[in-house]
Amino acid sequence: MFDTYKKLNILAVGAHGDDIELACGGTLARATRSGHNVKMVLVTGKESNDHNELPIRTVDESQQEVAKASAILGVTQLSILGFEDMHVPYSIDLIGKLDDIICEFKPDIIFTHFVFDTHQDHIRTAHSTISAARRQNTILLYEPINPSGQGYVAFRPQVYVDISQTIDQKVESLKAHHSQYLKYTDKWVDAVTARAKFRGFEMGVNYAECFEVVRMEIKL
Ligand SMILES: [Zn+2]
């Protein structure tokens, strides 16, 4: 997918720090290795609390973690929009900000959450991205997985990316989210790695990530 002569602009939009790394970190690392321009957009990025309103990470911790994780993937362009955790809106405010980023960055490929996720922030991020990307030709939704997301409609893997060469970067980027790693332990990393192995087996390689298509242009 990324072994082309043209340098691609690739945009990944996620609600929370770690969402993008969990879902398409291996793909983004492969893209940066191939010399493509990758930009990550974190819709929240303030302090984060759990469902019991107990603090998970401060704003400084959150931004340090995401900066470290994106650097591990080779991503140098990072936008933190700073919407309130758990209260991401589906509104002109967020859509407008994403619209501005899309107009400036001109992405060839956009990745975002699965629209049938169960987390309200993930759903609204996905819908906002799709609305803002109405004039873009290639939009792919990444696979939901706990604790990053869980779908109530079956995910249909339609596009696969071989991440065998970048699975280690993906794992390291997850561990850079120290607050999440402390909370979920190695079981978290093991589950994500096992899924990548399963998806890799489906396409005949060691590790893979897969995506659902909203819209896709084939460039010949
Ligand atoms: Zn999330």
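Residues numbered from 1 in each chain as written. Predicted model: local features only at pLDDT ≥ 70, side-chain atom pairs only at ≥ 80, totals over all residues. Heavy atoms only, no water.

Draft legend 1. Inspection of the sheet that holds strand β2 (residues 37-42) at higher detail. In space, the seven strands of this open sheet follow the order β5-β2-β1-β6-β7-β9-β8, with mixed pairing throughout. For this open sheet the edge positions go to β5 (77-80) and β8 (159-162), each flanked by a neighbour on one side alone. Across the sheet, the mean angle separating the axes of adjacent strands is 25° when strand polarity is ignored. Relative to strand β9 (residues 208-215), β8 is paired through four bridges, and the arrangement is antiparallel. Each bridged residue has a counterpart across the sheet, and for Asp162 the counterpart in β9 is Ala208. Across the sheet, helix α2 (residues 59-72) is in contact with β2 and β5; its angle to β5 comes to roughly 155°. (Pairing = 2+ DSSP bridges. Helix = DSSP H or I, 4+ residues; strand = E, 2+ residues; numbered from the N terminus. Axes fitted to C-alpha atoms, helices over the stretch in contact; angles between N-to-C directions. Contact = heavy atoms within 4.5 Å.)

Draft legend 2. View of helix α4 (residues 120-132). Helix length check: α4 (13 residues) gives 18 Å between terminal C-alpha atoms against 18 Å at 1.5 Å per residue, within 8%. Along α4, the residues classified as buried are Asp121, His122, Thr125, Ala126, Ser128, Thr129 and Ala132. Lining the buried residues of α4 we find β1 (9-14), α1 (19-33), α3 (92-105) and β6 (109-112). (Expected span 1.5 Å × (residues − 1). Buried < 20%, exposed > 50% of the residue type's maximum accessible area, 1.4 Å probe, protein only.)

Draft legend 3. Broad picture of the coordination of the zinc ion. In this structure, His16 (ND1), Asp19 (OD), Asp19 (OD) and His122 (NE2) serve as the protein donors to the zinc ion, at separations of 2.1 to 2.3 Å. Angles of 57 to 137° at the metal separate the four donor atoms of the zinc ion, which places the site in the irregular class. Mapping the donors of the zinc ion onto the primary sequence gives the spacing H-x2-D-x102-H. According to the relative accessible area criterion, His16 is buried, its value standing at 9%. (Donors = N, O, S within 2.8 Å, 3.2 Å for Na, K, Ca; no water. Tetrahedral: all angles 85-135°; square planar, octahedral: opposite > 155°, others 65-115°.)

Draft legend 4. Structural context of the nonpolar core. Among the nonpolar cores identified, the biggest contains 31 residues, and Ile10, Ile20, Cys24, Leu28, Phe111, Tyr142 and Phe211 are the most heavily contacted of them. Taken together, the elements giving at least two residues each to this core come down to β1, α1, β2, β6, β7 (139-142), β8, α5 (167-175) and α6 (178-203). Sort the elements by how many residues they give to this core and α1 lands first, with seven residues. Apart from the residues lying within four places of it in its own chain, the contact partners of Cys24 are Ala12, Phe111, Tyr142, Lys170, Glu209 and Phe211. (Core = buried A, V, L, I, M, F, W, Y, C linked by side-chain atoms within 4.5 Å.)

Draft legend 5. Just the packing of α1 against α5, in detail. Between α1 and α5, whose axes approach to 8 Å, the crossing angle comes to 130°. Overall, the two elements α1 and α5 adopt an arrangement that is oblique. In terms of crossing hand, the pair formed by α1 and α5 is right-handed. Taking contact as the criterion, the partners of Glu21, Leu22, Ala23, Cys24, Gly25, Gly26, Ala29 and Arg33 in α1 are, on α5, Gln169, Lys170, Ser173 and Leu174. (Parallel < 35°, antiparallel > 145°, perpendicular 65-115°, else oblique. Left-handed = near helix turned anticlockwise from the far one by under 90°.)

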